[in-house]
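# Chain and residue survey
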Amino acid sequence: MDYQHVIEQVMSAVQPHIGEGAVADYIPGLAKVDPNQFGCAIASVDGQLYTGGDVDVPFAIESISKAFALALVLSRKDTELWKRVRREPSGMAFNDLIELQLENGIPRNPFINAGAIVVADQLLADTGDAVNALRELLRAETGNPALEVDSVIAESELRTGDRNRAISYLMAGFGNMRNPVELALDHYFRQCSFSITCAELAKAGLLIARHGLRADGSRLLAREDARHITALMTMCGTYDGAGEYAYRIGLPTKSGVGGGLLAVVPDQCAVAAWGPGLDAKGNSAAGGVALETFARAGKFSVF
Ligand code: GLN
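Every value quoted in this text rests on a predicted model; they were computed, and no experiment measured them.

Rules used in this analysis
Residues numbered from 1 in each chain as written. Predicted model: local features only at pLDDT ≥ 70, side-chain atom pairs only at ≥ 80, totals over all residues. Heavy atoms only, no water. Helix = DSSP H or I, 4+ residues; strand = E, 2+ residues; numbered from the N terminus. Contact = heavy atoms within 4.5 Å. Axes fitted to C-alpha atoms, helices over the stretch in contact; angles between N-to-C directions. Parallel < 35°, antiparallel > 145°, perpendicular 65-115°, else oblique. Left-handed = near helix turned anticlockwise from the far one by under 90°. Nonpolar A, V, L, I, M, F, W, Y, C, P; charged D, E, K, R; others polar. Core = buried A, V, L, I, M, F, W, Y, C linked by side-chain atoms within 4.5 Å. Buried < 20%, exposed > 50% of the residue type's maximum accessible area, 1.4 Å probe, protein only. Salt bridge = Lys/Arg side-chain N within 4 Å of Asp/Glu carboxyl O.

### Remarks on the environment of Ala-43
By secondary structure assignment, the location of Ala-43 is in strand S1 (residues 39-44). Taking the C-alpha atoms as reference points, Ala-43 and Lys-203, separated by 160 residues in sequence, lie 5.6 Å from one another. Once you skip the residues sitting within four places of it in the chain, Ala-43 turns out to touch Gln-48, Leu-49, Ala-202, Lys-203, Leu-206, Gln-268, Cys-269 and Ala-270.

### A look at the packing of helix H8 (residues 151-160) against helix H10 (residues 181-192)
At their nearest, the axes of H8 and H10 sit 8 Å apart, and the two run at 135 degrees to each other. For the element pair H8 / H10, the angle class is oblique. Every pair of crossing elements has a handedness; the one defined by H8 and H10 is right-handed. Here Ala-154, Glu-157 and Leu-158 of H8 lie close against H10, whose contacting residues are Phe-189, Arg-190 and Cys-192. Grouping the amino acids of the contact of H8 with H10 by side-chain chemistry returns 4 nonpolar, no polar and 2 charged.

### Concerning the nonpolar core
Residues Phe-68 and Leu-201 are the most contacted members of the largest nonpolar core, which totals 78 residues. If you tally residues by element for this core, the top one is helix H11 (residues 198-209), at 9 residues. When neighbours within four sequence positions are excluded, Leu-201 is seen to be in contact with Phe-59, Ile-61, Ile-64, Phe-68, Ile-196, Leu-261, Leu-262 and Ala-272. The next biggest cluster of nonpolar side chains, apart from the first, holds 26 residues, and it includes Val-14, Ile-249, Phe-294 and Phe-300.

### What to know about the pattern of salt bridges
Tallied over the entire structure, the rule returns 17 salt bridges. Measuring nitrogen to oxygen at the nearest pair gives 3.1 Å for the salt bridge that ties Arg-135 to Glu-148. With Arg-135 in helix H7 (residues 130-142) and Glu-148 in the loop between H7 and H8, the pair connects residues that are 13 residues apart, well separated along the chain. Given the relative accessible area of 31%, Glu-148 is considered partly exposed. Across the salt bridge formed by Glu-292 and Arg-296, the nearest N and O atoms sit 3.4 Å from each other. With a gap of 4 residues between them, Glu-292 and Arg-296 both fall in helix H14 (residues 285-298), about one helical turn apart. Judged by its relative accessible area of 59%, Arg-296 falls in the exposed class.

Laid out in structure tokens, this is it:
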């Protein structure tokens, strides 16, 4: 595969779309990010990195962290998790409450906020420090020993996170929280606030592209659990945009409201795109164009 050619096609297709969409303004720290930035990086399973644009500018990982937190819980052969969260697309916004109420506090999947809070809560119960478990994983897989939570973003999420608070207390009311709500939320908000670059995200994504093998060659996840994560990314990774993503791109993809997108081509590569402007579903607008071009140029769609 001529990845260099693929990245060049991505960069030229995306050019007129840079700056499109709206930065997430419900988290004040994200509202300050310059929307006219864009980066794309492909990490291949044979260890090469292909880059274009702002690939070394850190941004908030946000919901892309949910895929790695899930990997950590599944790596512990935790069977309790699937009693607490389902594996169905939601068709609702990532921070929706209505479905959660109707379905007795059991979230549809681990990637909407409710489900991700359950995963963070479970990881906290399992490890005693969910953020640190994630920090260690991300540092090792990105190769950046200084990777850290952006405390300004974390504080901003904590201060404005009432919707997530409502979701969590509703779940607690249904008996679906293991830790005190504010403690679990503190870990969830900080998990979302890790600062990461496109180049680092692509490298970390190889964990999933390699079916659970870590950068040092050891196994974190059973192959089957890595497959479960890609299935969930495909069905739920871009929330109520997942249908359109399957149609346009056809790859397991996880988005974050920081404007990051991570897609994997199992056995071949991981691709990260970052453009802070979001579409109506909360997925990066320019990033979507980038992934669509990437999938077409490399004939990567699984469909
Ligand atoms: N931290 C964000 C929130 O809880 C994550 C949402 C997202 O990236 N889609 O709202």
